[in-house]
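Below, each chain spelled out in residue letters.
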Amino acid sequence: MCGFLAEFTFGTTSVSEAAHFQQLLSLSKHRGPDATQIEKGSNYQLGFNRLAILDLSPNGNQPKQSPSNRYHVVFNGELYNYKDLEIRYELSNLRSTSDSEVLVHLLDKIGVEQTITELNGMFAIAIKDLQTGSIYLIRDFAGIKPLFYGVSSKGIVAASQFDQVFKHMWFKDHLQLRPELVKEYFGFGYMQSPNTIYDTIFQVNPGAYIQINSDQSIEEKQYSVFNGIKPASRQSDTIVDDLKTKINKAVKRQLMSDVPLATFLSGGVDSPLITAIAKQEHPNIEAFTVSVEDEQLDESDDAMAYAKHINVNHKVEHVKTEELVNLIDEHFSKFPEPFGDYSSIPTYLISKKARETHTVMLSGDGGDELFFGYPRMLDVMHKAHWFKIPFALRRPLIRLTNRLKITNSWAPYHFKTIDEWVKEKHTYIFKDKLNGFFKDQKLSKEMHKLYTVSNHSNTLSWLRYNEFYAHMQRVLIKVDRMSMANSLEVRVPFLDKEVIDTAIHYLPENFENEEDLKRPLKLVMESHYPKSLINKQKKGFSVPINSWLRHELKKDVEKVIFETPFYGAEIVNLQAVKKYIEDFYNNKHESAWGVWHIYAWQKWAISQQLV
């Protein structure tokens, strides 16, 4: 797990001066504190900050060239099937036991396009083909690892961090905010790929690669798609044995490490399952849990019950509210991009604590999205049938049935289409307020695409597709940025390629109540835990943000919103934004999450010296 910076010039443009390049590369030093290396070519330069996980010797350092010297590569992430690829393709004369060594040999053996399809892991890769002059920017199929790139008349800059691109000399003096994308951030709390808030800076989509040809033309190619929109063919009872095998293999692959490794353990389903399997493979493995003072948010008792049952070494970090609050500014300083999920605060703290003794952690992220784990999905399915009725007929009908107390449902009354409603579920500032902040700007349908209800199975598949490419991406951003801020690698076995392929073919046969959420994972769990532990409701890894904003953080919120120049004031109705904050403190609305999005925007801009 590392951080890289790559610069590719067009025409007669020279690469940037060494001091500038080194300064930008240093921004991701926390992603790779163990070694830094820069290499130049005739019209490019590659920089790499290494977090050593496999082959701790200098032989594992990057950038790397393929044995033929055709390909020059920087690679952030882990390839969990690299040993299998080494054997299958009979790779020889490897100078390192690292996965990056297998990658460069494989490029020589089968070329870029085929190599990409063979990889199982989490990765962001930049490749310079010295024979054709082409450049490849490749991102893993689940979007676990970040990959940003900027396009200018002088060339391409690619990096692990957003700030490494927008602070580059080719971009920093010409930044243009995109109002519709800033609006998306205010609503969703993160930048949805492939876009960013700036008009010439982008993200590589999950499962895609960007090819920049020698004639400066740019192509995007999708090599992997989470094809969750198609109806699946298997149900929970028939998938359990296969799923158990795939998850076991994924965990075993992801336990490979030459540095200390542990697991995160919560009180839900996902991380306890990963921890139990990891414990079978590594009997001395340790599990980490954070205990917070708020009983409504604290999962430590449930986590301890899990840990006791499987007899795993368990470390519980008891954290006081004051400690979390005192970390907020430090945590904001670690975000290279605007990000508005306040559960990033405890994620930052537990990563900080875990890094004191370990370099790699396993987590349970991805289980909710793949196996229908969110109660909001139940809500949509319970009301989806309403959207089959024409809107003009539906509204008076719902008004009548609600008045007669036959139903109690207003979503199909207010939203014309189901995709509009689902989008609103993921938006933390209501549509009317957002429209007041950004007039004449529409939220994109990049993820929550227009959808017409056809049948139960198609709607379930569509919901999962949206969770995978929307909400899960926000979760992955949070975990990556907060863990790597502490030089900690977090691996996600549920997003192993084989587990995803198995999940795609599953749809719940019944989806009526909370017992149906993540049913196949719960059935796999029964191999490790009693049912009495499994079906407890997860509380969520979060903080009491409403209370914090009204008390501990109130002065700082008022300072950064009302007393500090507002970043993007030229594209935002600042009066409406300030009234939204005032209304929160005057108890006219309870949208603490929406207030946090605005607060986080300003804290990011201040930390990046943009205001």
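Everything that follows concerns the structure shown earlier in this document.
Residues numbered from 1 in each chain as written. Predicted model: local features only at pLDDT ≥ 70, side-chain atom pairs only at ≥ 80, totals over all residues. Heavy atoms only, no water.

Chemist: Explain the sheet that holds strand β13 (residues 261-264) to me, please; I cannot follow it from the model alone.
Modeler: Pairing between sheet strands relies on hydrogen bonds along the backbone, with the strands arranged either parallel or antiparallel. Spatially, five strands are ordered β15-β14-β13-β16-β17 in an open sheet, and the strand pairing comes out parallel. Two strands lie at the open edges of the sheet, namely β15 (313-319) and β17 (489-491), each paired on one side alone. Each strand axis lies, on average, 30° off the axis of its neighbour in the sheet, ignoring direction. Bridge count for strand β16 (residues 360-362) against β17 is three bridges, and the pairing is parallel. From the neighbouring strand, valine 360 faces β17, where its bridge partner is glutamate 489. Relative to β13, helix α7 (residues 270-281) is tilted by about 150°, and along the sheet it contacts β13, β14 (286-292) and β16. (Pairing = 2+ DSSP bridges. Helix = DSSP H or I, 4+ residues; strand = E, 2+ residues; numbered from the N terminus. Axes fitted to C-alpha atoms, helices over the stretch in contact; angles between N-to-C directions. Contact = heavy atoms within 4.5 Å.)

Chemist: Explain the packing of aromatic side chains to me, please; I cannot follow it from the model alone.
Modeler: When we look at a pair of aromatic rings, we describe it by the centre distance and by the angle of the planes. Counted under the stated rule, the structure contains 36 aromatic pairs. Summarising the aromatic geometry, the rings of tyrosine 342 and tryptophan 593 are spaced 4.7 Å apart at their centres and angled 55° between planes, so their arrangement reads as tilted. On the criterion of sequence distance, the pair formed by tyrosine 342 in the loop between α10 (328-332) and α11 (344-354) and tryptophan 593 in helix α26 (residues 592-607) is long-range, its members being 251 residues apart. Between phenylalanine 372 and phenylalanine 511, the aromatic rings sit 5.8 Å apart at their centres with planes inclined by 70°, giving edge-to-face as the arrangement. Remark: phenylalanine 511 occurs in the loop between α20 (497-504) and α21 (519-525) and phenylalanine 372 occurs in the loop between α12 (367-370) and α13 (375-383); sequence separation between them is 139 residues. (Phe/Tyr/Trp six-rings, centres within 6.5 Å; stacked < 30°, edge-to-face > 60°.)

Chemist: What am I meant to see in the pairing of strand β1 (residues 2-9) here?
Modeler: A regular strand carries its side chains on alternate faces of the sheet. A large share of β1 lies buried, amounting to eight of its eight residues. Bridge count for β1 against strand β3 (residues 44-50) is seven bridges, and the pairing is antiparallel. Paired with cysteine 2 across the two strands is arginine 50, which belongs to β3. Across five bridges, the pairing between β1 and strand β9 (residues 155-159) is antiparallel. Looking at the pairing, alanine 6 lines up with alanine 158 of β9. (Buried < 20%, exposed > 50% of the residue type's maximum accessible area, 1.4 Å probe, protein only.)

Chemist: It is not clear to me how helix α25 (residues 574-585) should be interpreted in this structure. Could you clarify?
Modeler: Since there are 3.6 residues in each turn of an α-helix, residues three or four apart along the chain are aligned in direction. The end-to-end C-alpha distance of α25, which contains twelve residues, comes to 17 Å, matching closely the 16 Å that a straight helix rising 1.5 Å per residue would cover. Along α25, the positions that sit buried rather than exposed are Val577, Tyr580, Ile581, Asp583, Phe584 and Tyr585. Against the buried residues of α25 lie α17 (431-437), α23 (545-550), α24 (554-562) and α26. Positive backbone phi, at 60°, marks asparagine 587, one or two positions downstream of α25. (Expected span 1.5 Å × (residues − 1).)

Chemist: What exactly am I supposed to notice about the sheet that holds strand β7 (residues 135-139) here?
Modeler: The strand order across the open sheet formed by six strands is β4-β5-β6-β7-β11-β12, and the pairing between neighbours is antiparallel. In the strand order of this sheet, the two ends are held by β4 (64-65) and β12 (218-222), each with one partner. Note that strand β11 (residues 208-212) and β12 share five bridges and pair antiparallel. Its bridge partner lying in β12, tyrosine 209 is registered against lysine 221. Seen against the sheet, helix α3 (residues 99-118) touches β4, β5 (71-79), β6 (121-129), β7 and β11 and runs at an angle of roughly 110° to β5.

Chemist: Is there a simple way to think about the pairing of β9 in this case?
Modeler: With five of five residues buried, β9 is to be regarded as a mostly interior element. Judged from the four bridges that link them, strand β8 (residues 148-151) and β9 form a sheet pairing that is antiparallel. The partner of valine 151 across the bridge, within β9, is isoleucine 156. Connecting β8 to the next strand, β9, in antiparallel fashion are three residues.

Chemist: Looking at this structure, how should I read the environment of asparagine 76?
Modeler: Note on placement: asparagine 76 falls in strand β5. Residue class for asparagine 76 comes out buried when judged on its relative accessible area of 0%. In this structure, the C-alpha to C-alpha distance between asparagine 76 and methionine 122, residues 46 residues apart in sequence, is 8.2 Å. In terms of polar contacts, asparagine 76 uses its side chain to reach the backbone amide nitrogen of cysteine 2, at 2.9 Å. (Polar contact = N/O pair within 3.5 Å; in protein donor to acceptor, adjacent residues only side chain to side chain.)

Chemist: What is the right way to read the pattern of salt bridges from this model?
Modeler: Working definition: two side chains of opposite charge can pair if their charged atoms are close together. Using the criterion set out here, one finds 27 salt bridges in the structure. Its salt-bridge partner being glutamate 323, residue lysine 353 comes within 3.3 Å of it at the nearest N-O pair. Taken together, the positions of lysine 353 in helix α11 and glutamate 323 in helix α9 (residues 321-326) put the pair 30 residues apart, joining distant regions of the chain. For lysine 353, a relative accessible area of 17% translates into the label buried. Classification of glutamate 323 as partly exposed rests on a relative accessible area of 28%. Linked through salt bridges whose partners overlap, the residues forming this network are Arg31, Lys145, Glu337, Asp480 and Arg481. (Salt bridge = Lys/Arg side-chain N within 4 Å of Asp/Glu carboxyl O.)

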